[in-house]
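Report on the structure
What follows is each chain in one-letter form.
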Amino acid sequence: MAADKQTEAKVSLTDENKENLQDGIGLESILLILQIIKESQQQHGLRHGDYQRYRYLLLVLMEAERAWSYAMQLKQEANTEPRKRFHLLARLRKAAKHSEKLEKLCESPRVDAKTKLEAQAYTAYLSGMVEFELQEWERAMEAFNKCKTIYEKLASAFTEELAVLYRQRVDEISPNIRYCAYNIGDQNAINDLMQMRLTGGGGGMMAEKLESLITQARTKQAATMSEVEWRGRTVPVKIDKARIFLLGLADNESAIAQTANEETKEHLYETLLAECRDTIQAVREELKSEAKQRERGSEGDSGKVSNLQFLHSYLTYIKLCTLVKRNESMAHTLQAKLKEPEMDESKRGPRPQDLIRLYDIILQSLAELSTLQGLEDDHTFQKEVSLKTLVYKAYRCFFIAQSYVLVKKWSEALVLYERVLKYATEVQSKAKSLNNSLKDLPDVQELIAEVNAEKYSLQAAAILGEDNTDETAEVPSQQQVKDNRPLCDRLETFRLDPALVGKQPNLVQFPPDFQPIPCKPLFFDLALNHVAFPALDDKVEQKGKGGFAGYIKGMFGFGS
């Protein structure tokens, strides 16, 4: 086989490699031998002919890493198999011995100062891990502090690109240092640990210890808690698990609200939901015992919800509300990504269908809220749940409309947008009677503005003929009704009229129709009928005395 090709090394299950299998090697592994050895030779001495450096340093380092990685694998398995903890400690000690050997080899004058510091920090890190698992807090803290100091100095001596690796290691061991300080007696360290938990610190082997520490602190406070009040009813809390959970509820919700990192927020949500489910299970077991006692004694008011049942409803309410908030947070994240332009077309980005699924889960949780025992007659609670349902129905309908837009089904999308507006208007009218009901809900007014903008762009796309006319002709809707009126007479009504972009668009009526106009006014002398004229009898008589001769003289002008 040619030397420049990748080499596959298959490890079969034989007596010789059983020990390797126990150290974490699978039944079949792929090892790019030539590529690995060439890169290692160039990076560790052989470029300058330093075979001694390549022979010792890298080999010892890989031995230490091999033992450490096996120890971390055993740590994961030790959660279900506690006996593996002994093997875990043995592998960690072996890793620390290999690191000490590496540090001694680096004392050679052939090794530069940077490598010597790196070896010292690596040894201190593995030594601290061993002491941490042995719960030797002072020695573990001393080793971790030494490691942190060296890495901080190395970070300040290199470029920003290289310094990132050293700062990441400092961030990894900082929670371990604070945890050691807390166990030594520094009570203020718990606040630092909680803050590190919010920022996503304390991962790896520190995460479980931090959760255990928080649980221990809440257990000490649980003895002071005896009851809880919800929806105007005070309920005694006698179950220790429920006390611990309710004491930490406010801290968990505050931590989620303060966290900006989406991955950390999702982890906190999952932790809270897991604790809530365990607490509900504990209460459910107590409910079974209570039901058996009632059957034996047949005492108490069977029509009234018991305190234990009401506590179960309260815990279920917390779980369902947390589910709603978590899915809403995921929806906001997806919605922001949906508005971003796709940089890589080969990768599938978020789609409206993903958001529809999230809002389906939210609506299902709200439906379960309305059926909680003890709240059937709480009309205010039922109205609040109904209002929230309308809000999320509006958002779900909005993204269904957007999914139709993607496939260019304009008519269906327009109808759905109208339904979104209907839901939003109904929410605004009902919210007036419920104070602060929309405080924790998405902004409906913002949704209305977005829907109106989408409608205008959608109508423009439909007018430009981007729709499939065969499909839209089959869908009877208000927007597709035939209207023979010219465009100037129906500007306030939207219609899908392909003729508007054709050769003979019906824009105005030409020639225009004749319209009646008022004529020139006629004036009538209505006052004449009410005027009293003077008597003219005397003048009429004088003219009458001339007779015929006077008439003749008048005609020929003799009388003038």
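Report on the accompanying structure. Everything quoted here is computed from the prediction, not taken from an experiment.

This part takes up the pairing of strand β1 (residues 227–230). Only one face of β1 is covered, namely the face carrying V228 and W230; the face carrying E227 and E229 is uncovered. For β1 and strand β2 (residues 233–236), the ladder comprises 4 bridges, and the chain directions are antiparallel. Residue pairing for β2: V228 is matched across the bridge by V235. Here β1 hands over to β2 after 2 residues, with R231 in that stretch at a positive phi of 55°.

Judged by nonpolar contacts, the single largest core of 76 residues is most densely connected at L246 and L311. Elements with a minimum of two residues in this core: β1, α10 (240–258), α11 (262–297), α12 (307–339), α13 (352–369), α14 (379–406), α15 (410–431) and α16 (444–463). Per-element tally for this core: the top contributor is α14, with 13 residues.

Attention now goes to the environment of K325. Take K325: it is sitting in helix α12. The class of K325 is partly exposed, set by a relative accessible area of 44%.

Moving on, we get to unusual backbone geometry. For the bond from F510 to P511, the omega torsion is -5°, close enough to zero to count as cis. For P511, the position within the fold is in the loop between α17 (469–474) and α18 (537–545). One non-glycine residue, Q135, lies in positive phi territory at about 60°. Along the polypeptide, Q135 turns up in the loop between α5 (113–133) and α6 (137–156).

Along an α-helix, residues three or four apart share an orientation, since each turn contains 3.6 residues. In this model, α14 (28 residues) spans 41 Å end to end at C-alpha, consistent with the 40 Å of a helix rising 1.5 Å per residue. A positive backbone phi angle near 60° is found at K408, which sits one or two residues after α14.

Criteria and cut-off values
Residues numbered from 1 in each chain as written. Predicted model: local features only at pLDDT ≥ 70, side-chain atom pairs only at ≥ 80, totals over all residues. Heavy atoms only, no water. Buried < 20%, exposed > 50% of the residue type's maximum accessible area, 1.4 Å probe, protein only. Helix = DSSP H or I, 4+ residues; strand = E, 2+ residues; numbered from the N terminus. Pairing = 2+ DSSP bridges. Core = buried A, V, L, I, M, F, W, Y, C linked by side-chain atoms within 4.5 Å. Expected span 1.5 Å × (residues − 1).

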